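Architecture at a glance
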Amino acid sequence: MPLQITYPDGTVVEHPDGSTGLDVASSIGSRLARAAVAVKLDGEMLDLSRPLPGDGLFEVVTDSSDEGRSVLRHSAAHVLAQAVLNLHQGATFAIGPSITDGFYYDFDIGRPFTPDDLGPIEEEMARIIAADQPFIREELSRQEGLAVFAEHRFKTEIIESVEGSEVGDGKIVSIYRNNGFVDLCRGPHVPSTGRLKAVKLLRSAGAYWRGDENQPQLQRIYGTAWESAKALEEHLHRLEEAEKRDHRKLGRELDLFSFPSELGSGLAVWHPNGGMLRKQIEDYSRRIHEMFGFDFVYSPHLAKADVWQTSGHLDFYADLMYPGMEMDGSDEYRVKPMNCPFHVMIYKSAARSYRDLPLRFGELGTVYRYEMSGVVHGLLRARGFTQDDSHTFCTREQMPEELAMHLEFVLMLLRDFGFDEFEADLSTRPEEKWVGELDMWEEATDSLKAALEASGVPYRVAEGEGAFYGPKIDVHVKDAIGRRWQMSTIQMDFTLPDRFELEFITPEDARERPVMIHSAKFGSVERFIGVLIEHYAGAFPMWLAPVQAIVVPVADRHEDHASKVAKSMRDRGIRVDVDAGSGKLGEKIRNAHLRKIPAIMVVGDSDVSNETVGLTVRGSDERRGTPLGEAITELAEAAKPPR
RNA sequence: GCUGGCGUAGCUCAGUCGGAAGAGCAGCCGCCUUGUAAGCGGCAGGUCGAGGGUUCGAUUCCCUCCGCCAGCUCCA
């Protein structure tokens, strides 16, 4: 019986029984066949050399598609394993998947890899690739599989744990052989090792078996593979560019902040430039909170341990909290990891009526969390940081409208900071541990969903990933180089009002519990600034730039005039510096560029006599002889915050 | 927390197989008086992350601590 093969354009073409993916691809075109690394039949990926198992929708997976690269990388991972096993007597191997932009493989060679190990492994891989060994697929029974990998405990464990979703309901395992090397693998693979044109190993690191710190630690080697040397080059170049944006590096270069080791890990100090940047951001936060009807509150940095007991933090969050402080004879105190209990106290400070609700308490609250030492990472993961935190207390009836408002709020804020691509996660009720009433969960989840639908933000539902105390929305942004960052969060809470026995008086003079919405719009101010620095590569829009303009006198005799120009700019609210150094003009211009100051104003003889400046605004050309008043008006306009 | 790699001047980095610590930039002082990305000369700057050990002698070797970097499922 000939196969009825449907092409992506809908045409159906007959192919003889036993035709392979490569046969079909070749019949379509030789270029396509050359670019092919695998095929898909009804969505299932198959090796090129495998006879098509039946009729279906046929697609060619080419080497420069995401799926194709993933096949390349997976095959490269096999070659890596082959090389390591060749080179290291007694080595065993665990898993080696393709990942975004690369691949890795986990090994146990009885010792860690050092950077010096990578070179020889790469050479061995090059040898295997040059030999152009074919990858051959075989299917074995579970028993046979266990026999083949009897000496490799991790492979054995994988076979034993294979679920019904795997090949043949888990009764059959597939393996790939090339030249004596055998790996357990679902496939598909490229036809032969020679198809790997551009492979590079990047680094080694420890990694726990199955990601579990109670399991043995394996040694992982990371690498990357691309369809061509050029694509590999481009990728390495992108890595370099990302490195240039590193907020820790830019933070030092632009003199924004530092992490003095004397203070301890994860604790930042803000220098004047960073302080100005941060002030602009926090001022903006206050303005927009006020706009959306939030009240400002303030709370201390520590509180009695009892309150953390009541809130549940000591039961669920103690690992991340700094240990208690006890003065002789008095109560134990804890530094705050969150602001919620304080805002709850403010709620409780008076008898609340339904007429008071919703109550929205906002605070730039600094919290401290003892993050594991290995995860501390500049501003993006610090141990002391400030949340633009709010807690909204409202009735159940008000909940949908409040949630929609919170989402509108965070989207406006993120857009104002130059992010325009969003993705949201809607995390729903966990299967097992949860509190509150089922219909309340459903109502809240539906409200969050409705708010997301209305906003037009694409979202995915993270089934069961909500906290035990309520569903939530996390908003992610894409930055200038396409990376995804989690920023804002809007979180329902059905447990704190209970734990603290919050009440309000209803129109019927009954007592009822309010519900509570936690929300952090920046997430953490520190982290947000870290992301902003990387997004803008340190070249902030003018309203955020610590120094917005610099006046550069051409020679000493222009310094008085430069000061006057600066003064009149300052009067218009522009943050301006004068470069009164003794250097040449070129040097001062260069320094201004390095400081990423948005506007440069050069003043020389003709400018003094004509009341003009040589104006260069970032992104546009120099304009010699611009009238001073015109320049100032223009810059004052450009320096205005979005709201 | 765990594994590995690191820690030398404010910054970026040389160097010492155990025997007097270096460069560039930045800083300071002079000269130059400058028109859009580095003018020239000089000076100063380091308990070689901290503590302990081995040694005649430690920045170098060993141990502990502090700090930094990468990674620690994107599941054959």
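Refer to the structure above for everything that follows.
Attention in this report is confined to the structure presented alongside it. (Residues numbered from 1 in each chain as written. Chains lettered and ligands numbered in written order. Predicted model: local features only at pLDDT ≥ 70, side-chain atom pairs only at ≥ 80, totals over all residues. Heavy atoms only, no water.)

**Remarks on the nonpolar core**
Among the nonpolar cores identified, the biggest contains 55 residues, and Leu414, Phe417 and Phe419 are the most heavily contacted of them. Looking at this core, the elements that each hand over two or more residues are helix H9 (272-291), helix H13 (399-416), strand E22 (422-427), helix H14 (438-455), strand E24 (472-478), strand E25 (484-493), strand E28 (515-524) and helix H16 (525-536). The element contributing the most residues to this core is H13, with ten residues. When near neighbours in sequence (up to four residues on either side) are disregarded, phenylalanine 419 contacts Leu414, Val477, Lys478, Phe528, Val531, Leu532 and His535. The next biggest cluster of nonpolar side chains, apart from the first, holds 46 residues, and it includes Val71, Phe107, Phe113 and Leu146. (Core = buried A, V, L, I, M, F, W, Y, C linked by side-chain atoms within 4.5 Å. Buried < 20%, exposed > 50% of the residue type's maximum accessible area, 1.4 Å probe, protein only. Helix = DSSP H or I, 4+ residues; strand = E, 2+ residues; numbered from the N terminus. Contact = heavy atoms within 4.5 Å.)

**What to know about the protein's contact with RNA strand B**
What surrounds RNA strand B is a group of 55 residues, the closest being Leu184, Arg186, Arg210, Gln217 and Arg590. Take the atoms of RNA strand B that sit within 4 Å of the protein: sugar and phosphate atoms are 49% of them. In the model, a sugar or linking oxygen of RNA strand B is placed 2.7 Å from a nitrogen or oxygen of the tyrosine 222 side chain. Every element with two or more residues in the surface near RNA strand B is listed here: strand E10 (172-178), strand E12 (198-208), strand E13 (217-226), helix H8 (247-253), helix H18 (585-594), helix H19 (605-610) and strand E32 (612-617). Top contributing element to the surface near RNA strand B by residue count: H18, with six residues. (Near = heavy atom within 4 Å. Polar contact = N/O pair within 3.5 Å; in protein donor to acceptor, adjacent residues only side chain to side chain.)

**Section: the packing of aromatic side chains**
Taken as a whole and assessed by the stated rule, the structure comprises 27 aromatic pairs. Judged by centre distance (5.8 Å) and plane angle (55°), the ring pair of phenylalanine 93 and phenylalanine 181 falls under tilted. Note that phenylalanine 93 is positioned in strand E6 (residues 92-93) and phenylalanine 181 in strand E11 (residues 181-184), a separation of 88 residues in sequence. Like phenylalanine 181, phenylalanine 93 is buried. Ring geometry for phenylalanine 417 against phenylalanine 522: centres 5.6 Å apart, planes inclined by 80°, an arrangement best described as edge-to-face. Of the two residues, phenylalanine 417 sits in the loop between H13 and E22 while phenylalanine 522 sits in strand E28, which places them 105 residues apart along the sequence. (Phe/Tyr/Trp six-rings, centres within 6.5 Å; stacked < 30°, edge-to-face > 60°.)

**Considerations on H14**
Taking 1.5 Å per residue, 18 residues should reach 26 Å; H14 reaches 26 Å between its end C-alpha atoms and fits that length. Listing the buried residues of H14 in full gives Met440, Trp441, Ala444, Thr445, Ser447, Leu448, Ala451 and Leu452. What you see down the axis of H14 is that its buried residues fit within an arc of 155°, all on one side. The exposed set on the far side of H14, more than 90 degrees from its buried face, consists of Glu453 and Ala454. Contact partners of the buried residues in H14: H13, E22, strand E23 (459-462), E24, E25 and E28. (Expected span 1.5 Å × (residues − 1). Arc of directions from axis to C-beta.)

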